[in-house]
Amino acid sequence: MTAKPTMIEFRDVQKYYGDYHALRGINASIRAGEFFSLLGPSGCGKTTLLRTIAGFEDISSGAVLIDGKDAAQIPANKRPTNMVFQSYAIFPHLTVEENVGFGLRRAGLDKAEMGRRVGDALAMVGLTGFGKRAAHALSGGQRQRVALARALILKPKVLLLDEPLSALDKKMRELMQVELIKLQRHVGITFILVTHDQEEALVMSDRIAVMFEGQIAQLDDPETLYRRPKTRQVADFIGTMNFLPATVLSDTPDGCEVEVAGLGRCRIAADQAPPGGNGQDTVVGFRPETLTILYDGQAAPERETPGKVEEVVYYGDMTYYDVKLDGVSAAVRLSMRNVPGRPVLDIGTRARVAWSPDALVLFR
Amino acid sequence: MTSEEGLRRMGRSEAASGLAMISPTAIYAILLLAAPLALIFIYSFLTDGDPGIIRTFTFANYIEAWSNELYRVVMLRSLMVALTVTAVTVLLAFPVAYFVSFHVDPSRKSLWLFLITIPFWTSYLIRVFLWKVILGYNGVVNSGLLGLGIISEPLQWINYNVGAVVLTLAHAYAPFAILPIFVALEKIDRSLLEAGQDLGESRFMTFLRVTLPLAMPGVIAAVLIVFIPTIGDFVTPQLVGGPEGRLVANLIQLQYLKLDNYPLGSAIAVSAMMIVTVVSLFFLYLNRRYLRGPES
């Protein structure tokens, strides 16, 4: 991938609401043409950060740069950004085409050109023929498409999406996720998505900034974020992560020698173990799918640990097992693909759990 | 079959209980509103005798009411005064409602509404008298200006004319106009205003293209609430209107109680109601257009 120019840059952005410190020194760059997500629990400041780009929120100090220009100098209605609001904010007194064409008034187009552009925008979001509909006669998914068409018709440099899928049902949400990805590739505009749904962020984004309490905890591509979370908080927020207490025995530049409760002694590579010296009070994390229950006679590819099945949750294609490893008080969760010839295990079964030190991540 | 019958019975009993529920109000309304109105309507087609009323059907009262210069002028004046009061009241009420809805801290909105309704704590009659005191020959305005040496003799043009009637009525009906506009403004999703700006419009253009159209149902409700009672107002023109500030209600009172001409008084009353009906229907039509939204 060639290095793309920076579209949005945050320079030590601080935001106070009275005494409340909403944004605590945000530093990040968003590249042109990127699908970027701001992910975090509610109240982490992700929507506030998005609104500083749109111009609906002033910052207390620092700077937001849009395409190299200081955003503080540009009022909200002059910024090269458009927003899809969480509520969609469809004007209820206008028709679909009046909504979509709302921002074109200032372009001073003649009626034919206006109609053509609105028609193109509606076609892009799959709403051809809906132009004359009253806005209040639309379903949730249709409203969202209108909001998208209304924003994209102005050809912004950046499209801001504030939890656009949260009001839709699960099926519709999954459909729109794919459509949004395709749309973004098609138009090539920088998309910035705010979401609290980690799955949504993983599915859609080129890069994700995970935010907690007004700070970016980690900014990475989805795979790195999932496989190499930098903090326990990030690991916990994205997907399921098992944690076991561990003691660092030796800390060298190429990795750590660790004694993990239940798993025993193993070596974790440097990129999965931040340096910090020897000591107790560290934690090792691993994803459910990195563990496997071995059937009788099967040899472990790397390491194995005995345990007892405590809970079984059957999902059709998958089964989740909570297994208590010998010598550990809390159970770890592991997920197994259901394949023919491997019946689902019963609660109480003794099992051998295979694992690999490669899948372990050390948290300080 | 049986379920259908059951449904029908249920519908009947529901209708019966509904009727029972509204019957006290209905009886009250029929006896004290519909019956007197019907009586006035009948009177308006009878002939005035001396004394009493002759029971012969005639259109003469209506012809008199609509052709006599005197009555026409007063009816037209009533219409103009009511429209002026409505325009002044709604135009002044809108900024107040807008301020309370958009710029007052949410926790203080109910306090503001409470303050707006304070004038209702005194009777309407007393409020009109207060304006008489304020605007009168020896009133607050005149003695104040005299005391400050701005004028050398009391101003007479500030009281006992149409202007004083408009001023008094506009003040009296202001809360009625503020409240519906406030409610309409409160209902506007604030993200719509952000969307307006996000799509490139200034605050002012967003107000014109988003806020104002969405507030229209409230504005039209305010127009109706102010217009209907003011056109028939009796007390204010009687007390501060002076001779040339008399409105249609004063004319009707004159016909009934001074000239003892019930049929002509009734014909003028019915005519005034017709004017109100026509104007109100026009606004109701506008309101329905706004409520329904654009044609789909």
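If you're wondering where the values come from, they're calculated on a predicted model, not measured in any experiment. (Residues numbered from 1 in each chain as written. Chains lettered and ligands numbered in written order. Predicted model: local features only at pLDDT ≥ 70, side-chain atom pairs only at ≥ 80, totals over all residues. Heavy atoms only, no water.)

A.B. asks: What is the right way to look at the overall build of chain A in this model?
C.D. replies: The helix and strand tally for chain A stands at 8 helices and 20 strands. By its C-alpha atoms, chain A is 75 × 50 × 40 Å across when sized along the principal axes. Each of the 364 residues in chain A was classed as buried or not, and the buried ones make up 48%. Within chain A, contacts between residues separated by at least 24 positions form 67% of all contacts whose residues are at least 6 apart in sequence. Split by element, the accessible area of chain A, about 16800 Å² in all, is 49% carbon and sulfur. (Helix = DSSP H or I, 4+ residues; strand = E, 2+ residues; numbered from the N terminus. Buried < 20%, exposed > 50% of the residue type's maximum accessible area, 1.4 Å probe, protein only. Contact = heavy atoms within 4.5 Å. Areas by Shrake-Rupley, 256 points an atom, 1.4 Å probe, with all protein chains shown as cover.)

A.B. asks: Mind showing me how you'd approach the pairing of strand E18 (residues 332-337) of chain A here?
C.D. replies: Residue and element names in this part refer to chain A. Pairing geometry for strand E17 (residues 318-325) and E18, over 6 bridges, is antiparallel. Bridging across to E18, aspartate 322 finds its partner in arginine 333. Linking two consecutive strands that pair antiparallel, namely E17 and E18, is a turn of 6 residues; a positive phi of about 90° is found at glycine 327 within it. (Pairing = 2+ DSSP bridges.)

A.B. asks: Teacher, can you tell me more about the interface of chain A and chain B here?
C.D. replies: Many analyses report the size of an interface as the accessible area lost when the parts associate. Opposite the 26 residues of chain A that make contact, chain B presents 21 residues. Between chain A and chain B, roughly 2100 Å² of surface is buried when both sides are summed, and carbon and sulfur atoms account for 60% of that area. For the chain A face of the interface with chain B, the top three residues by lost area are Asn77, His93 and Phe102 of chain A, together amounting to 30%. With a closest N to O distance of 2.6 Å, arginine 51 of chain A and glutamate 194 of chain B form a salt bridge. Run the count over chain A and chain B and you get 9 residue pairs in polar contact (both at pLDDT 80 or more). The leading source of residues in the side of chain A that touches chain B is strand E6 (residues 81-84) of chain A, at 3 residues. Residues of the side of chain A that touches chain B, tallied by class, amount to 12 nonpolar, 8 polar and 6 charged. (Buried area = accessible area lost by both parts, 1.4 Å probe. Salt bridge = Lys/Arg side-chain N within 4 Å of Asp/Glu carboxyl O. Polar contact = N/O pair within 3.5 Å; in protein donor to acceptor, adjacent residues only side chain to side chain. Nonpolar A, V, L, I, M, F, W, Y, C, P; charged D, E, K, R; others polar.)

A.B. asks: Can you walk me through the confidence of the model for chain B in this structure?
C.D. replies: Should the pLDDT be low somewhere, the predicted coordinates at that spot are not to be read in detail. Residue and element names in this part refer to chain B. On average, residues of chain B carry a pLDDT of 89, and 94% of them reach 70 or more. By mean pLDDT, the top-scoring element of chain B is helix H8 (residues 190-198) (96), and the lowest-scoring one is helix H1 (residues 2-43) (82). Complex prediction metrics read pTM 0.82 and ipTM 0.84. (pLDDT = per-residue confidence, 0-100.)

A.B. asks: What am I meant to see in the side chain of threonine 206 of chain B here?
C.D. replies: Residue and element names in this part refer to chain B. Tracing the sequence through the fold places threonine 206 in helix H9 (residues 203-231). For threonine 206, a relative accessible area of 3% corresponds to the buried category. Contacts of threonine 206, omitting those with residues within four sequence positions, involve Leu193, Gly196, Gln197, Glu201 and Thr211.

A.B. asks: Got a minute to help me understand the environment of tyrosine 88 of chain A in this structure?
C.D. replies: Residues and elements named next belong to chain A. By the element assignment, tyrosine 88 lies in the loop between E6 and helix H2 (96-100). In sequence terms tyrosine 88 and glutamine 280 are 192 residues apart; their C-alpha atoms lie 50 Å from each other. Non-local contacts of tyrosine 88, meaning those with residues more than four positions away in its chain, are made with Gly140, Arg143, Gln144, Ala147, Arg150, Pro164, Ala167 and Leu168. A distance of 2.9 Å separates a polar atom in the side chain of tyrosine 88 from the backbone oxygen of proline 164.

A.B. asks: Help me understand the packing of aromatic side chains, please; the structure alone is not making it clear to me.
C.D. replies: What characterises a pair of aromatic rings is the spacing of the ring centres plus the angle enclosed by the ring planes. Tallying each qualifying case throughout the model produces 22 aromatic pairs over all chains. Centroid distance tyrosine 315 of chain A to tyrosine 320 of chain A: 5.1 Å. Interplanar angle 80°. Geometry classified as edge-to-face. Judged by relative accessible area, tyrosine 320 of chain A falls into the partly exposed class, the value being 24%. The rings of Phe41, Phe45, Phe57, Phe59 and Tyr62 of chain B are connected pair by pair, giving a single aromatic cluster. Stacked on the ring of tyrosine 17 of chain A, the Lys or Arg lysine 15 of chain A has its end atom at 4.8 Å from the ring centre. A cation sits over an aromatic face here: arginine 190 of chain B above phenylalanine 102 of chain B, 4.0 Å from the ring centre. (Phe/Tyr/Trp six-rings, centres within 6.5 Å; stacked < 30°, edge-to-face > 60°. Lys NZ or Arg CZ within 6 Å of the ring centre and 35° of its normal.)

A.B. asks: I would appreciate a short explanation of helix H3 (residues 111-124) of chain A in the present structure.
C.D. replies: Owing to its 3.6 residues per turn, the α-helix aligns residues three or four sequence positions apart on the same side. Residue and element names in this part refer to chain A. Taking 1.5 Å per residue as the helical rise, H3 with its 14 residues ought to reach 20 Å, and the 20 Å between its terminal C-alpha atoms agrees with that figure. Residues of H3 that are buried include every one of Val118, Ala121 and Leu122, and no others. For H3, the arc enclosing every buried residue in end-on projection is 100°, short of the 170-degree limit, so these residues lie on one face. Looking at the buried side of H3, the elements it contacts are H2 and helix H4 (140-152). The N-cap of H3, judged by a side-chain oxygen 3.1 Å from the amide nitrogen of alanine 112 a few residues on, is aspartate 110. (Expected span 1.5 Å × (residues − 1). Arc of directions from axis to C-beta.)

A.B. asks: Sorry if this is basic, but what is going on with the domain arrangement of chain A here?
C.D. replies: Residue and element names in this part refer to chain A. If you check the domain split of chain A, you get domain 1 (6-233) and domain 2 (240-363). The C-alpha-based centres of domain 1 and domain 2 are spaced at 39 Å. Contact with domain 1, which involves 8 residues of that partner, is made by 10 residues of domain 2. Taking both partners together, domain 1 and domain 2 bury about 760 Å²; carbon and sulfur atoms supply 54% of that area. If you sort the residues of domain 1 by the area they bury against domain 2, Tyr226, Arg228 and Arg232 come out on top, with a joint share of 75%. Aspartate 271 serves as the salt-bridge partner of arginine 228, at 3.4 Å between the closest nitrogen and oxygen. For the interface between domain 1 and domain 2, the tally reads 4 residue pairs in polar contact (both at pLDDT 80 or more). No other element matches the 3 residues that helix H7 (residues 222-227) contributes to the side of domain 1 that touches domain 2. Taken together, the residues of the side of domain 1 that touches domain 2 break down into 3 nonpolar, 1 polar and 4 charged. (Domains from an automatic or database assignment.)

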